[in-house]
Amino acid sequence: MKYDVVVIGGGPAGLAAAKAAYENGIKKILIIERDKELGGILQQCIHNGFGLHRFKEELTGPEYAQRYINMITDLQIEYTLESMVLNITHDKKISMISPEKGYQEIEAKSIILAMGCRERTRGAINIPGYRPAGIFTAGAAQRYINMEGYMVGKKVIILGSGDIGLIMARRMTLEGADVKAVIELQPFSGGLTRNIVQCLDDFGIPLLLSHTVTNILGKNRVESVTVSKVDENKQPIPGTEIEYECDTLLLSVGLIPENELSRELGVKLDRRTSGPMVNETMQTSISGIFACGNVVHVHDLVDFVSAEGERAGKNAANYVLSKSIPSLNSIAIENGKGITYTVPQNIDLDKASENIDIFMRVNNVYKNQKILVKNGEKELIGFPRKHLAPGEMERITIPLKFLKNIEGNLTVELQEVL
Ligand SMILES: Cc1cc2nc3c(=O)[nH]c(=O)nc-3n(C[C@H](O)[C@H](O)[C@H](O)COP(=O)(O)OP(=O)(O)OC[C@H]3O[C@@H](n4cnc5c(N)ncnc54)[C@H](O)[C@@H]3O)c2cc1C
């Protein structure tokens, strides 16, 4: 089977990419999704808060997903469900497997990686103790409750205050559980401010910053967990232990872009994001292979995932139609003071035709700063921000006129505004 563009992953990134590829002249498109329906992680996010930027409406996850699924079906874009991609080769051959059709090989002119991300587990953070039942990642608990109809516990501790942990604190409370506390290792929450207010403050759930879970007790089922305060090096401080009686521990300790396929393929990965390095067209280090959404870097707002998907889809179409696509060997964007990463990591100014959007995360909570774009010591443009936090992704748009006559790389850094 031969296609012009194959999209791997039918979440919001993949759906937006397929739609944009179609609208830019490509008709032979296939979306491959391993789950039994399209929509990705949005299908289990039944809370509202999606689509404020894109649709100027407050939608639930499934409602947002359905809008894109309708667009895909209206355009009659082909998709296959319960189909797991096993391997991608450099010459764009894809092997996949499904219960209905068995093993299949597909050839593509261009491939868009949109596999999303997965959660870190207890193993990844090495909490000591027994291995009783009652320990879930927050996303797994969300799927059990919202999609499968199982209540995972009654007395709950949540480790990690990223958005999924915060949303699950409210969800468990609404389902009748007693959420005793949300525990956060950092001195700040990793989630959006609106989620701290709406999911914890509104329900009187305490947030313990600079604390961690240091022991899990119980042999068959969790019976209690020990929580300790940590010092500035994130080491537990002896004598600060508090024991919480509970039957459930939810872990919301970070997301990892799902890049096993990308790694095997040989796409260059960025250690800071754990996702493929991309340029402003979302092309990876391999010509004709694009990436978008959480597989590139973890987003907090789906609206930006859709925008990134559209950019990847449009440029994959341009690639297939033999229009010139900037290569990855162009100007690098380096992160300076206060910046954890930027996406894209590279831009090709010779071929860039649109203003450049740069997404980034900061490494701490900051007040009254300027996000400064520099070329060597020369300051090109600054974007003032009153408040910055690691849990809130930042976006700047650099008009092309500021990027004339650049030599060497660009640096993005924070500068205090006095
Ligand atoms: C719990 C949670 C709450 C959130 N809350 C909000 C919110 O309130 N507001 C908001 O705007 N955003 C929210 N977000 C963020 C937003 O929903 C995500 O960033 C977005 O859904 C990511 O889209 P994606 O397409 O990149 O990934 P996903 O939605 O994860 O989709 C990836 C798809 O790829 C498929 N896949 C992976 N590997 C393969 C393979 N080998 N073969 C075939 N298919 C494969 C997966 O099955 C999946 O369907 C939330 C995210 C989470 C996890």
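Residues numbered from 1 in each chain as written. Predicted model: local features only at pLDDT ≥ 70, side-chain atom pairs only at ≥ 80, totals over all residues. Heavy atoms only, no water.

(A) View of the environment of A65. Positionally, A65 belongs in helix 2 (residues 61-74). Remark: the alpha-carbon pair of A65 and L251, spanning 186 residues in sequence, is separated by 25 Å. When neighbours within four sequence positions are excluded, A65 is seen to be in contact with L15, G39, L42 and Q43. (Helix = DSSP H or I, 4+ residues; strand = E, 2+ residues; numbered from the N terminus. Contact = heavy atoms within 4.5 Å.)

(B) Molecular detail of the pattern of salt bridges. The full count for this structure, using the stated rule, is 19 salt bridges. Between R272 and D270 there is a salt bridge whose closest N-O contact spans 2.9 Å. For K314, the salt bridge identified is with E354, shortest N-O distance 2.7 Å. In this pair, K314 is assigned in helix 8 (residues 302-320) and E354 in the loop between strand 22 (346-347) and strand 23 (356-362), connecting sequence segments 40 residues apart. Judged by relative accessible area, K314 falls into the partly exposed class, the value being 30%. A relative accessible area of 44% means that E354 is categorised as partly exposed. Taken together, the shared-partner salt bridges in this structure form one network comprising R34, R118, E258 and E260. (Salt bridge = Lys/Arg side-chain N within 4 Å of Asp/Glu carboxyl O. Buried < 20%, exposed > 50% of the residue type's maximum accessible area, 1.4 Å probe, protein only.)

(C) Expanded view of the packing of helix 4 (residues 138-148) against helix 5 (residues 163-174). Between helix 4 and helix 5, the least distance of the axes is 10 Å, while the angle of their chain directions is 35°. Helix 4 and helix 5 meet at a crossing whose hand is left-handed. Across from A138, G139, A141, Q142, I145 and N146 in helix 4, the residues of helix 5 making contact are I164, I167, M168, R171 and M172. (Axes fitted to C-alpha atoms, helices over the stretch in contact; angles between N-to-C directions. Left-handed = near helix turned anticlockwise from the far one by under 90°.)

(D) Representation of helix 8 in the model. When the terminal C-alpha atoms of helix 8 are compared, their 27 Å separation across 19 residues agrees well with the 27 Å that a helix rising 1.5 Å per residue should span. Immediately beyond the C-terminal end of helix 8, within one or two residues, lies S322, with a positive phi of roughly 60°. (Expected span 1.5 Å × (residues − 1).)

(E) Representation of the sheet that holds strand 14 (residues 211-217) in the model. The strand order across the open sheet formed by 3 strands is 14-15-16, and the pairing between neighbours is antiparallel. Edge positions in the open sheet fall to strand 14 and strand 16 (242-245), since each of these has one partner strand only. Direction aside, neighbouring strands of the sheet carry axes that sit 30° apart on average. Here 4 bridges tie strand 15 (residues 224-229) to strand 16, and the two strands are oriented antiparallel to one another. What sits directly across from T226, in strand 16, is E243. (Pairing = 2+ DSSP bridges.)

(F) Inspection of the pairing of strand 20 (residues 331-335) at higher detail. Alignment of strand 20 against strand 22, held across 2 bridges, turns out to be antiparallel. Across the sheet, I331 pairs through a bridge with I347, a residue of strand 22. As defined by bridge partners, strand 20 adjoins strand 27 (residues 410-416) across 3 bridges and the pair is classed as parallel. Of the residues in strand 27, the one forming a bridge with N335 is V412.

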